[in-house]
Amino acid sequence: MKEYVVFLIQMLIWSSFSLIEWLSGRDRAFFKGLLLCIFLYIAFLLARKIGLRTRKAIFTTMFTAGVYFSCQHFFWETLH
């Protein structure tokens, strides 16, 4: 059950990442990568704070990031 709650909250985190990335559209790629690292770390810390073990928190964070970015990619492919 904790994994499901973490998954839902992390999807909200990734949605806010997309908004912030859109707002910083003219930034260089280095700063966008830094922003991604910061959001990955925040998502990981949230998973640890909710009570997941470190390995499970890393796996859940990477899984939610992968799901979100692959869905985002398919969404943008269908629009263009």
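Residues numbered from 1 in each chain as written. Predicted model: local features only at pLDDT ≥ 70, side-chain atom pairs only at ≥ 80, totals over all residues. Heavy atoms only, no water.

**Re the packing of aromatic side chains**
Next, step 1: Scanning all chains against the criterion turns up eight aromatic pairs.
Next, step 2: Note on F17 and F69: the rings are 5.7 Å apart at their centroids and 90° apart in plane angle, and the pair reads as edge-to-face. Of this pair, F17 sits in helix α1 (residues 2–23) while F69 sits in helix α3 (residues 54–79); the two residues are 52 residues apart in sequence, bridging distant segments of the chain.
Next, step 3: Aromatic rings pair up to connect W14, F17, F39, Y68 and F69 into one cluster. (Phe/Tyr/Trp six-rings, centres within 6.5 Å; stacked < 30°, edge-to-face > 60°. Helix = DSSP H or I, 4+ residues; strand = E, 2+ residues; numbered from the N terminus.)

**Notes on the packing of α1 against α3**
Next, step 1: Orientation of α1 relative to α3, taken along the N-to-C sense of each, is 50°, at an axis distance of 9 Å. Taken together, the axis directions place α1 and α3 in an arrangement best described as oblique. Our pair here, α1 against α3, has a crossing hand that is right-handed. Packed against α1, whose contacting residues are E3, V6, F7, Q10, M11, W14, S15, F17 and S18, the element α3 presents K56, T60, T61, F63, T64, A65, V67, Y68, F69 and Q72 at the interface.
Next, step 2: Split by residue class, the contact of α1 with α3 holds ten nonpolar, seven polar and two charged. (Axes fitted to C-alpha atoms, helices over the stretch in contact; angles between N-to-C directions. Parallel < 35°, antiparallel > 145°, perpendicular 65-115°, else oblique. Left-handed = near helix turned anticlockwise from the far one by under 90°. Contact = heavy atoms within 4.5 Å. Nonpolar A, V, L, I, M, F, W, Y, C, P; charged D, E, K, R; others polar.)

**As for the pattern of salt bridges**
Next, step 1: A full pass over the atoms with the stated rule returns one salt bridge.
Next, step 2: Note that K56 and E3 form a salt bridge whose closest N and O atoms lie 3.8 Å from each other. Of this pair, K56 sits in helix α3 while E3 sits in helix α1; the two residues are 53 residues apart in sequence, bridging distant segments of the chain.
Next, step 3: Here K56 falls in the partly exposed class, since its relative accessible area comes to 39%. (Salt bridge = Lys/Arg side-chain N within 4 Å of Asp/Glu carboxyl O. Buried < 20%, exposed > 50% of the residue type's maximum accessible area, 1.4 Å probe, protein only.)

**Overview of the confidence of the model for the protein**
Next, step 1: Per-residue confidence for the protein gives a mean pLDDT of 92, with 99% of residues at or over 70.
Next, step 2: At the low end of the mean pLDDT range in the protein sits α3, at 90; at the high end sits helix α2 (residues 29–50), at 96. (pLDDT = per-residue confidence, 0-100.)

**Some thoughts on the nonpolar core**
Next, step 1: Ranked by size, the top nonpolar core spans nine residues in total: M11, I13, W14, F17, L35, F39, A43, A65 and Y68.
Next, step 2: Counting residues per element, the ones that place at least two in this core are α1, α2 and α3.
Next, step 3: Each residue touching F39, except ones within four places of it in the same chain, is listed here: I13, W14, S16, F17 and I20.
Next, step 4: In this structure, V6, F44, A47 and A57 belong to the second largest nonpolar core, which totals five residues. (Core = buried A, V, L, I, M, F, W, Y, C linked by side-chain atoms within 4.5 Å.)

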